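# Overview (structure and organization)
Residue strings, one per chain:
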There are 2 protein chains.
Amino acid sequence: MRRDVFQAIADPTRRAIILLIASQAMTPNAIAEHFDTTRQAVSKHLRVLTECELVKQKQNGREIYYELEVKKMKDIDKWLDQYKKIWENRFNQLDNLLLTIKKQNKK
Amino acid sequence: MRRDVFQAIADPTRRAIILLIASQAMTPNAIAEHFDTTRQAVSKHLRVLTECELVKQKQNGREIYYELEVKKMKDIDKWLDQYKKIWENRFNQLDNLLLTIKKQNKK
DNA sequence: AATTTGCGAAACCAATTAGTTGCGTATATA
DNA sequence: TATATACGCAACTAATTGGTTTCGCAAATT
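Heads up: these notes are all about the structure in this document.

About the criteria used
- Residues numbered from 1 in each chain as written.
- Chains lettered and ligands numbered in written order.
- Predicted model: local features only at pLDDT ≥ 70, side-chain atom pairs only at ≥ 80, totals over all residues.
- Heavy atoms only, no water.
- Helix = DSSP H or I, 4+ residues; strand = E, 2+ residues; numbered from the N terminus.
- Buried < 20%, exposed > 50% of the residue type's maximum accessible area, 1.4 Å probe, protein only.
- Areas by Shrake-Rupley, 256 points an atom, 1.4 Å probe, with all protein chains shown as cover.
- Near = heavy atom within 4 Å.
- Polar contact = N/O pair within 3.5 Å; in protein donor to acceptor, adjacent residues only side chain to side chain.
- Nonpolar A, V, L, I, M, F, W, Y, C, P; charged D, E, K, R; others polar.
- Salt bridge = Lys/Arg side-chain N within 4 Å of Asp/Glu carboxyl O.
- Axes fitted to C-alpha atoms, helices over the stretch in contact; angles between N-to-C directions.
- Parallel < 35°, antiparallel > 145°, perpendicular 65-115°, else oblique.
- Left-handed = near helix turned anticlockwise from the far one by under 90°.
- Contact = heavy atoms within 4.5 Å.
- Phe/Tyr/Trp six-rings, centres within 6.5 Å; stacked < 30°, edge-to-face > 60°.
- Bend = angle between axes of the 7 residues up to and from the residue.

### Here's the deal with the overall build of chain A
Of the regular secondary structure elements, chain A holds 6 helices and 2 strands. Within chain A, the proportion of its 107 residues that are buried is 44%. Accessible surface for chain A amounts to roughly 6,300 Å². Of this, 49% is attributable to carbon and sulfur atoms.

Written as structure tokens, this is what we have:
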């Protein structure tokens, strides 16, 4: 099963769950109360998040607290890094210029 | 149709396309040559990327060059920002501690 | 001990999506 | 003008996904 961080954050409900548990670990029922959905649906989202290690479980009696593994979000940041160089140093403007010149030479 | 940046980068092929055109605008055919897939498949991915404005087209005769709209990636960075505070300032460790204390009080 | 509560897992369904095939159209080339 | 090339678009298929329902199990409550 293909499970990576990018696929996990693609779903808006999952992003909402991430935001919700970012400040406070919560049980599936508690999370479900915040949305117009069932506990089971939340449970499936939590499974996806757990599988890609964006979230970890902490059992406490019969309750399972879900906690955000914030560190895992660095993966996204790392991926963004290669493009940050481009947008920060405005290399893209340079690329545009080069492309325009190339087109004109063809004519 | 639900089209946002997060959904766009969820697909590994689309991330590969983004990487490919980041340094150099390319035509669908040129992009397709880099992958084990057809031009039409690439074309569909480019449509998704165009719809969420991660990519823009530049027609040149019968060729259409696809260019990365790097600025749009800032949207992802903005979203990450709220969590960056957490992982950088190690607030998560504090949260863990608070949660542990809470559990112990329950017992 | 019986019941309730919190949960995951499996079976199922509807919607979405990635990919293919087969068009039509516009630009370039012979 | 006829042909080849570059492309988007629509119809179709197979796989995936979000969600529901139902079940069983373990922990808590009565």
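### Some remarks on the protein's contact with DNA strand D
By nearness alone, 22 residues border DNA strand D, and T38(A), K44(A), H45(A), S43(B) and Y66(B) come closest of all. Take T38(A): an N or O atom from its side chain is 2.8 Å from a phosphate oxygen of DNA strand D. I64(B) is positioned such that a nitrogen or oxygen atom in its backbone is 3.5 Å from a phosphate oxygen of DNA strand D. Within the residue set of the surface near DNA strand D, elements represented by two or more residues are α4 (39-51) of chain A together with α3 (28-33), α4 (39-51) and β2 (63-68) of chain B. Split into classes, the residues belonging to the surface near DNA strand D amount to 4 nonpolar, 10 polar and 8 charged.

### Quick look at unusual backbone geometry
For E53(A), which is not glycine, the phi torsion reads 65° and is therefore positive. Looking at the element boundaries, E53(A) is found in the loop between α4 and β1 (55-60).

### Considering the pattern of salt bridges
Throughout the structure, instances matching the rule amount to 20 salt bridges over all chains. Put simply, D75(A) and K72(A) hold a salt bridge, and the shortest N to O gap is 3.3 Å. Accessibility expressed as a relative area gives 21% for K72(A), which makes it partly exposed. Overlapping salt bridges, with partners in common, bring together D77(A), D81(A), K84(A), D77(B), D81(B) and K84(B) in one network.

### Structural notes on the protein's contact with DNA strand C
Inspection of the region around DNA strand C gives 21 residues, with S43(A), R62(A), Y66(A), K44(B) and H45(B) positioned closest. Separating a phosphate oxygen of DNA strand C from a backbone N or O atom of I64(A) is a distance of 3.5 Å. The separation between a phosphate oxygen of DNA strand C and a polar side-chain atom of T38(B) is 2.9 Å. Considered class by class, the residues forming the surface near DNA strand C number 4 nonpolar, 10 polar and 7 charged.

### A short note on the packing of helix α5 (residues 74-88) of chain A against helix α2 (residues 12-22) of chain B
Closest axis-to-axis distance for the α5(A)/α2(B) pair is 12 Å, and the angle between their directions is 25°. With respect to their mutual orientation, α5(A) and α2(B) come out roughly parallel. Of the two elements, α5(A) crosses α2(B), and the hand of that crossing is left-handed. Residue-level contacts link W79(A), Q82(A), Y83(A) and I86(A) of α5(A) to R15(B), I18(B), L19(B) and A22(B) of α2(B). For the contact of α5(A) with α2(B), a count of residues per class yields 6 nonpolar, 1 polar and 1 charged.

### Some thoughts on the packing of aromatic side chains
Residue and element names in this part refer to chain A. As enumerated under the stated definition, the model contains 4 aromatic pairs over all chains in all. Summarising the aromatic geometry, the rings of W79 and Y83 are spaced 5.3 Å apart at their centres and angled 65° between planes, so their arrangement reads as edge-to-face. Pair noted here: W79 and Y83 are both in helix α5, with a separation of 4 residues, about one helical turn. Both residues of the pair, W79 and Y83, belong to the buried class.

### Describing helix α5 (residues 74-88) of chain B
Largest kink in α5(B): about 40°, centred on Q82(B). Within α5(B), burial applies to I76(B), D77(B), W79(B), L80(B), Y83(B), K84(B), I86(B) and W87(B).

Note that all results are geometric; they support no functional claim without further evidence.
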